[in-house]
Amino acid sequence: MAQTIGVPKETAAGEKRVATVPEAVEKLIKLGFKVMVQSGAGDAANCSDDTYRAAGAEIAATAAQLWSGADIVFKVSVPTAEEVGLLREGGTLIGFIWPAQNPELMLQLAAKKATVLAIDSLPRVLSRAQKMDALTSQAGVAGYRAVIEAANAFGRFFNGQITAAGKVPPAKVFIAGAGVAGLAAIGTAASLGAIVRANDTRAEVADQVVSLGGEFVKVDYEEEGSGGGGYAKVMSEGFQQAQREMYAKQAREVDIIITTALIPGKPAPRLITAEMVKSMKPGSVIVDMAAERGGNCELTEPGQAVVKHGVTLIGYTDLNSRLAKQSSTLYATNLFRLTEELCKTKDGIINVNMDDDAIRGLTVIKDGEVTWPPPPIKLATPPRPAAAAVKPAEKKGHSHGGGGAPASAKATAITFFIGAVLFWFVGAYAPAAFLGHFTVFVLACFVGYMVVWNVTPALHTPLMSVTNAISSIIAIGALVQVAPPLTGAVERPETWILGLAVFSIALTSINMFGGFAVTRRMLDMFRK
């Protein structure tokens, strides 16, 4: 019998998101599930009860009715104790859990014999898990919204302008942390015309910052900052001191600072001190995206926007809810992709396969048994180049004649001698017409090799499409065979030759027009 997926109304203060949207409901039903949505669950995200009904969902009047009637519950925010009490015995819960920060919640869920999949525990190192990565999708929305909040509080344009009333300089924005949220903020601020600078402990993200139109500001201290699972790690005291000096300099120069630094399971690191805030220009803005975990700025007040020392400090903890429709749509897609993995048979029944690395990482409780933390994932390492196989070949070549160079010169000399004999034989005994055709053939082979075969493989796709079109010049030869003779002295070719000529014209026409069409299509991919 098909299982029922329940979507309750979120009860957390300020939470406007909903765990699924009508578009996702239709897809879930195609997987064989029944879907039940609590009345009013999607109102704040512009998803009315009527749209859910039209998509095929059943509407539950109360939370108790929904929780008791659902085999699987989709949620956004961490469930409260009251919601855990409503969960069906042995039911399945999917949503944000944060098991390291909520040990009491884990015990309560285990007591209900529940199976819990924490979307925040997804192993992000698995490439196939990207479609289920709700942390990434939500961080991208938050990074975008952080720039919008900064622009709203800032007293000038982001982009520079020259008007009759005077010149307006562009805003200078500094992004602390170039993770998913930071990169989204960089792209948004740059698109608004600001001068964007960014820093991250992971040096490998510098190219990503530059590609989005920002400038990577490096800390004058050498230390690797990459941690496990795509996150940054806690840096040494020496690095942190150099980083504080760099932040102090940026605070004096820029107009807007957006901080995104967070390490899972740890309080937000303090990056911006009170002294740095005091040094900023009046009217400047700080958006602290880590406010929910204490904040990256010393003066941040979580959930509030306050003005201190002439600087507006924004510590909103509901950035995603301020774009509830977009956040809900992305989150619903993540949960749908996860459901696809759980129900590959499309019969409306999930199978929590603990042998699947992605599912195992997500599953923090299985049938009442706490399975968090998961065992380390064994990533397949690419095979090393067979250097040992190359060395014997080199050694073998050097064992003849005392070195590889003399043997190569000897082989080249023999090849040229045989080629010279063949050319002499052809020149001495072949008809003059054949000699002319043979010369053209040899030159064509040489030019073809240098233009096509000898080209770097990386250039084959765009180059071959053009050369295919150009090489269709052979159509001229076919046209000569098909065209009527200019004088009576020239005999018309036989029927089979005419047939081959017409067939070759058809093929080369396809080759010619197709080559240019493919080239144009590829070039359009690089145009905005």
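Residues numbered from 1 in each chain as written. Predicted model: local features only at pLDDT ≥ 70, side-chain atom pairs only at ≥ 80, totals over all residues. Heavy atoms only, no water.

## Things to note about the overall build of the chain
Then comes step 1: Helix and strand counts for the chain come out as 18 helices and 17 strands.
Then comes step 2: Within the span of the chain, comprising 528 residues, buried residues form 39% of the whole.
Then comes step 3: Contacts in the chain between residues far apart in sequence, at least 24 positions, make up 62% of those at least 6 positions apart.
Then comes step 4: Looking at the chain as shown, the accessible area adds up to about 28,900 Å², and 62% of this sits on carbon and sulfur atoms. (Helix = DSSP H or I, 4+ residues; strand = E, 2+ residues; numbered from the N terminus. Buried < 20%, exposed > 50% of the residue type's maximum accessible area, 1.4 Å probe, protein only. Contact = heavy atoms within 4.5 Å. Areas by Shrake-Rupley, 256 points an atom, 1.4 Å probe, with all protein chains shown as cover.)

## Here's the deal with the sheet that holds strand β16 (residues 363-366)
Then comes step 1: With respect to topology, 8 strands assemble into an open sheet ordered β3-β2-β1-β4-β5-β6-β16-β17, the strand pairing being mixed. Each of the sheet's edge strands pairs with one partner strand only, and the pair in question is β3 (58-60) and β17 (369-370).
Then comes step 2: Pairing between strand β5 (residues 92-95) and strand β6 (residues 115-118): 4 bridges, direction parallel. Pairing of G95 across the sheet is with A118, part of β6.
Then comes step 3: Relative to the sheet, helix α5 (residues 103-111) contacts β5, β6, β16 and β17, its axis offset from that of β16 by approximately 40°. (Pairing = 2+ DSSP bridges. Axes fitted to C-alpha atoms, helices over the stretch in contact; angles between N-to-C directions.)

## A look at the side chain of T363
Then comes step 1: One can find T363 in strand β16.
Then comes step 2: Accessibility expressed as a relative area gives 1% for T363, which makes it buried.

## Topic: the pairing of strand β13 (residues 285-288)
Then comes step 1: Burial along β13 is two-sided: the face carrying V285 and V287 and the face carrying I286 and D288 are both buried.
Then comes step 2: As judged from the 4 bridges shared by strand β12 (residues 256-259) and β13, these two strands associate in the parallel manner. Bridging from a neighbouring strand, I258 pairs with V287 of β13.

## Points about helix α7 (residues 180-191)
Then comes step 1: The end-to-end C-alpha separation of α7 is 17 Å, in line with the 16 Å expected for 12 residues at 1.5 Å each.
Then comes step 2: Those residues of α7 that fall on the buried side of the exposure criterion are A181, G182, L183, A185, I186, T188 and A189.
Then comes step 3: Buried positions along α7 lie against α6 (134-153), β9 (172-176), β10 (195-199), α8 (206-211) and β12.
Then comes step 4: With its phi angle positive at about 100°, G193 sits one or two positions after the end of α7. (Expected span 1.5 Å × (residues − 1).)

## Examining unusual backbone geometry
Then comes step 1: The step from W372 to P373 runs through a cis peptide bond, and the omega angle for that step is 0°.
Then comes step 2: Here P373 shows up in the loop between β17 and α13 (387-398).
Then comes step 3: Despite not being glycine, N46 has its phi angle at roughly 60°, a positive value.
Then comes step 4: Positive phi outside glycine occurs at D367, with the angle close to 55°.
Then comes step 5: The topology assignment puts D367 in the loop between β16 and β17.

## Topic: the pairing of strand β15 (residues 311-314)
Then comes step 1: Neither face of β15 is left uncovered, since the one carrying V311 and L313 and the one carrying T312 and I314 both have all their residues buried.
Then comes step 2: Across 3 bridges, β13 lies against β15 in parallel orientation. Each residue of the ladder has a partner; that of V287, found in β15, is I314.
Then comes step 3: Counted along the chain from strand β14 (residues 305-308) to the antiparallel partner β15, the turn is 2 residues long, and its residue H309 has a positive phi close to 55°.

## What to know about helix α11 (residues 324-342)
Then comes step 1: The end-to-end C-alpha distance of α11, which contains 19 residues, comes to 26 Å, matching closely the 27 Å that a straight helix rising 1.5 Å per residue would cover.
Then comes step 2: The complete set of buried residues in α11 reads A324, S327, S328, Y331, A332, N334, L335, F336, L338, T339, E341 and L342.
Then comes step 3: Each element contacted by the buried residues of α11 is listed here: α1 (22-30), β4 (72-74), β5, β6, α6 and α12 (357-362).

## With respect to the nonpolar core
Then comes step 1: Formed by 45 residues in total, the largest nonpolar core has its most connected members in F74 and L338.
Then comes step 2: Put simply, the parts of the chain that give this core at least two residues each are β1 (4-7), α1, β2 (34-38), α2 (49-55), β4, α6, α11 and α12.
Then comes step 3: Among the elements that make up this core, the one with the highest residue count is α11 (7 residues).
Then comes step 4: If we skip the residues at most four places from it in the chain, L338 touches I94, L117, I119, M132, I359 and L362.
Then comes step 5: Core analysis: the next-biggest nonpolar cluster, separate from the first, contains 30 residues, A142, F158, A178 and A198 among them. (Core = buried A, V, L, I, M, F, W, Y, C linked by side-chain atoms within 4.5 Å.)

## Concerning the packing of α6 against α7
Then comes step 1: In contact at an axis separation of 7 Å, α6 and α7 are set at 40° when each is read in the N-to-C sense. With respect to α7, the element α6 is oriented oblique. Considering only the axes of α6 and α7, their crossing is right-handed. Judged by residue contacts, T136, A139, G140, G143, Y144 and V147 of α6 engage V180, A181, A184, A185, T188 and A189 from α7.
Then comes step 2: Class assignment of the residues belonging to the contact of α6 with α7 gives a composition of 8 nonpolar, 4 polar and no charged. (Parallel < 35°, antiparallel > 145°, perpendicular 65-115°, else oblique. Left-handed = near helix turned anticlockwise from the far one by under 90°. Nonpolar A, V, L, I, M, F, W, Y, C, P; charged D, E, K, R; others polar.)

## Comments concerning a nonpolar patch on the surface
Then comes step 1: Side chains of I414, F417, I418, V421 and L422 sit close together on the surface and give an oily, nonpolar patch of about 500 Å² of accessible area.
Then comes step 2: Tracing the sequence through the fold places I418 in helix α14 (residues 404-429). (Patch = residues over 30% accessible without salt bridge, like charges linked within 9 Å, V, L, I, M, F, W, Y side chains within 5 Å. Salt bridge = Lys/Arg side-chain N within 4 Å of Asp/Glu carboxyl O.)

## Things to note about the environment of D200
Then comes step 1: Residue placement: D200 occurs in the loop between β10 and α8.
Then comes step 2: Taking the relative accessible area as the measure of exposure, D200 reaches 9% and is therefore buried.
Then comes step 3: Expressed as a C-alpha distance, the spacing of D200 and A261, which sit 61 residues apart in the sequence, is 8.7 Å.
Then comes step 4: When neighbours within four sequence positions are excluded, D200 is seen to be in contact with G177, A178, G179, V205 and F216.
Then comes step 5: At 2.7 Å, the side chain of D200 and the backbone nitrogen of A178 are in polar contact. (Polar contact = N/O pair within 3.5 Å; in protein donor to acceptor, adjacent residues only side chain to side chain.)

## Side note on the packing of α6 against α11
Then comes step 1: Put simply, α6 and α11 touch, their axes get as near as 9 Å, and they point 165° apart. Judged on the interaxial angle alone, α11 and α6 are roughly antiparallel. Along this stretch, α6 crosses α11, giving a crossing that reads as right-handed. Between α6 and α11, the contacting residues are A134, S137, Q138 and V141 on the first element and Q326, S327, L330, Y331 and N334 on the second.

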